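Architecture and fold: a report
Okay, here's what each chain looks like letter by letter:
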Amino acid sequence: MFDLAVLWGSTQEGWFGDVNRFALDTAWLHTPARLFAHYGVAVFAVLLLVSWLLARRTGDARRVAAALWAPIGVLVAVGLNQPISNSVAEERPYTVFPHALTLVARSTDFSFPSDHSVMAGAAAVGVLLANRRLGLVTAALAVLMAATRVYVGAHWPFDVVAGLVIGAGFALAAYAVVRPLLVRIVERLGESRLRVLVR
């Protein structure tokens, strides 16, 4: 009888094993991967800031609204990910395979979906809504963040794929709901003493 859970688990383990063996053979990548997996969050924070600065220069209320919403969307997406993670309660790869190569500190929280990937996916969509060119760069870095989290041994492959989808999907859906209100707020701010925030 076909068992989806068994197929899911064996596929996850097989793909993770392939990546972990690749990591064992590429010691020269360990330091940059470790640094990006740990400090890459700061890179996305800088990209969010730059997208806001660029949006201010255009004077386009829609772009400014998207840029101001983006960091809020990231924080809310990561917050909403916690109950999902706790309900799935998937063990980390290094818990299942204690001898697997792990290049970062071993966390005690659950693995699915990846918080880093949720953050990266939401940031990519937020920046993309404000600035297409910078958004494409951010999206590429989001995929790199997801891959890196598997490379360092912190997550299963499906954890990071789901994280990107959840983060991006939430950011896009939530912005569609709040955009009309945000645009009006930005337009009002443009006529107030706080106009430095929007232009």
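Scroll up to find the structure this text is about.
What comes next concerns the included structure.

Rules and cut-offs
- Residues numbered from 1 in each chain as written.
- Predicted model: local features only at pLDDT ≥ 70, side-chain atom pairs only at ≥ 80, totals over all residues.
- Heavy atoms only, no water.
- Salt bridge = Lys/Arg side-chain N within 4 Å of Asp/Glu carboxyl O.
- Helix = DSSP H or I, 4+ residues; strand = E, 2+ residues; numbered from the N terminus.
- Core = buried A, V, L, I, M, F, W, Y, C linked by side-chain atoms within 4.5 Å.
- Buried < 20%, exposed > 50% of the residue type's maximum accessible area, 1.4 Å probe, protein only.
- Contact = heavy atoms within 4.5 Å.
- Expected span 1.5 Å × (residues − 1).
- Bend = angle between axes of the 7 residues up to and from the residue.

1. Section: the pattern of salt bridges
For the structure shown, the criterion picks out 1 salt bridge. We note a salt bridge from Asp 18 to Arg 21, for which the minimum N-O separation is 2.5 Å. Of this pair, Asp 18 and Arg 21 both sit in helix α1 (residues 4–25), 3 residues apart, which is roughly one turn of the helix.

2. Digging into the nonpolar core
Membership of the largest hydrophobic core comes to 26 residues, with the highest contact counts inside it found for Phe 44, Leu 48, Val 74, Ala 120 and Ala 142. Contributions of two or more residues to this core are made by α2 (30–58), α3 (61–88), α5 (115–130), α6 (132–151) and α7 (157–189). With 8 residues, α5 is the single largest residue contributor to this core. If we ignore the near neighbours within four places in the chain, the residues touching Val 74 are Leu 48, Met 119, Ala 122 and Ala 123. Counting 13 residues, the second largest nonpolar core, distinct from the first, contains Ala 66, Ala 174, Tyr 175 and Val 183.

3. Looking at α3
The terminal C-alpha atoms of α3 lie 40 Å apart, and with 28 residues this matches the ideal 40 Å at 1.5 Å per residue to within 8%. The sharpest bend along α3 measures roughly 30 degrees and falls at Ala 70, with the proline Pro 71 sitting one to four residues further on. Along α3, the positions that sit buried rather than exposed are Ala 61, Val 64, Ala 65, Ala 66, Ala 67, Trp 69, Ala 70, Gly 73, Val 74, Ala 77, Asn 81 and Ser 85. Note on α3: the residue one or two positions beyond its end, Ala 89, has a positive phi of about 55 degrees.

So yeah, pure geometry; function would need other evidence.
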